[in-house]
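For reference, the chains in residue letters:
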Amino acid sequence: MQIKEAIILFEKVVAEHLQLKPEQTRCENEGEYIIQRGESTELYVDIWQPAETTQWQYFDRQNIASIFQIVSPICEYPADKHLATFMEELAHLNFHLFSASFIANSEQRIISIQFKRVLEGLNETEIIEPLEAVGYYAENLKEYLAEKYHVKKI
């Protein structure tokens, strides 16, 4: 699937399922969106083409894969004395999540929930299900982690 096709499909799905017009979610750059969920949860959506293949693209290394990605920052890292236990719990929680996973940005010390897939084969279900999953987990787990580890919510 081409990026332009994916953008058209994404905007159609968001309009139909979330009742959001494209101009309500579009960012400055093409293929970038922010979807607000609840009072304080933002989902950052990217539909993009990397400039070159990476070591992580295990398939068809001759062609660079276009990407559909959703990221929702949820909290900052806990105090260093709790970091190991915190990260272990995130790894355990990842086992239970559907269409989403925790990711850690060690430079900014931020934890997010993410979904990422190649554009090839993207369809309506492959857009709305991860949007719902990432949003649901981000909303609920940010509260849980803030209460348990006294981390700052994002």
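All values reported here derive from a predicted model rather than from experimental measurement.

### A look at the pattern of salt bridges
Applying the stated rule across the entire model yields ten salt bridges. One salt bridge in this structure joins E132 and R37, with 3.2 Å as the shortest N-O distance. On the criterion of sequence distance, the pair formed by E132 in helix α4 (residues 125–149) and R37 in strand β1 (residues 32–37) is long-range, its members being 95 residues apart. A residue is classified by how much of its surface remains accessible, and E132, at 35% relative accessible area, is partly exposed. Taking the relative accessible area as the measure of exposure, R37 reaches 22% and is therefore partly exposed. Measuring nitrogen to oxygen at the nearest pair gives 2.9 Å for the salt bridge that ties E89 to K148. In this pair, E89 sits in helix α3 (residues 80–94) while K148 sits in helix α4, placing the two residues 59 residues apart along the sequence. Judged by relative accessible area, E89 falls into the buried class, the value being 13%. Under the relative-accessibility criterion, K148 is labelled partly exposed at 44%. Linked by salt bridges that have partners in common, K12, E16 and E124 make up one network.

### Considering the pairing of strand β3 (residues 67–76)
With nine of ten residues buried, β3 is to be regarded as a mostly interior element. With five bridges connecting them, strand β2 (residues 41–48) and β3 associate as antiparallel partners. Directly across from D46, in β3, lies its bridge partner Q69. In terms of strand pairing, β3 meets strand β5 (residues 110–118) through nine bridges, oriented antiparallel. Looking across to β5, one finds that S72 is bridged to I113.

### A few points about helix α1 (residues 3–18)
When the terminal C-alpha atoms of α1 are compared, their 21 Å separation across 16 residues agrees well with the 22 Å that a helix rising 1.5 Å per residue should span. The set of residues buried in α1 consists of I3, A6, I7, L9, F10, E11, V13 and V14. Those residues of α1 that are buried lie in contact with α2 (22–25), β1, β2, β3 and α4. One or two steps after α1, the chain reaches Q19, where phi turns positive at roughly 55 degrees.

### Quick look at the packing of α3 against α4
Put simply, α3 and α4 touch, their axes get as near as 12 Å, and they point 150 degrees apart. One finds that α3 runs roughly antiparallel with respect to α4. Crossing handedness for the pair α3 and α4: right-handed. For the pair α3 and α4, contact is made by H82, T85, F86, E89, L90 and L93 and by L141, Y144, L145, K148 and Y149, respectively. Residue composition of the contact of α3 with α4, grouped by class: seven nonpolar, two polar and two charged.

Calculation notes
- Starting from 1, residues in each chain are numbered consecutively following that chain's sequence as written.
- In keeping with the predicted nature of the model, local features appear solely for residues at pLDDT of at least 70, side-chain atom pairs appear and are counted solely at 80 or more, and the whole-chain, interface and lining totals rest on all residues.
- Only heavy atoms go into the side-chain values, all of them from the structure, while hydrogens and water stay out.
- One speaks of a salt bridge when a side-chain nitrogen belonging to Lys or Arg is within 4 Å of a carboxyl oxygen belonging to Asp or Glu.
- Think of it this way: any DSSP run of H or I at least four residues long counts as a helix, any run of E at least two long counts as a strand, and we number them from the N terminus.
- Whether a residue is buried, partly exposed or exposed follows from its accessible area with a 1.4 Å probe, protein chains only, as a fraction of its type maximum: under 20%, in between, or over 50%, in that order.
- Between any two strands, at least two bridges found by DSSP are needed for them to pair.
- Working rule for helices: expected span equals 1.5 Å times residues minus one.
- For this analysis, residues touch if any pair of their heavy atoms sits within 4.5 Å.
- In this analysis, axes come from line fits to C-alpha atoms, helices being fitted only over the stretch in contact, and the angle between any two N-to-C directions falls in the range 0 to 180 degrees.
- Here the word oblique covers every angle except those under 35 degrees (roughly parallel), over 145 (roughly antiparallel) and from 65 to 115 (roughly perpendicular).
- Note on convention: the crossing is left-handed when the near helix lies turned anticlockwise from the far helix by less than a right angle, right-handed when the turn is clockwise.
- When residues are grouped by polarity, Ala, Val, Leu, Ile, Met, Phe, Trp, Tyr, Cys and Pro land in nonpolar, Asp, Glu, Lys and Arg in charged, and all others, Gly among them, in polar.

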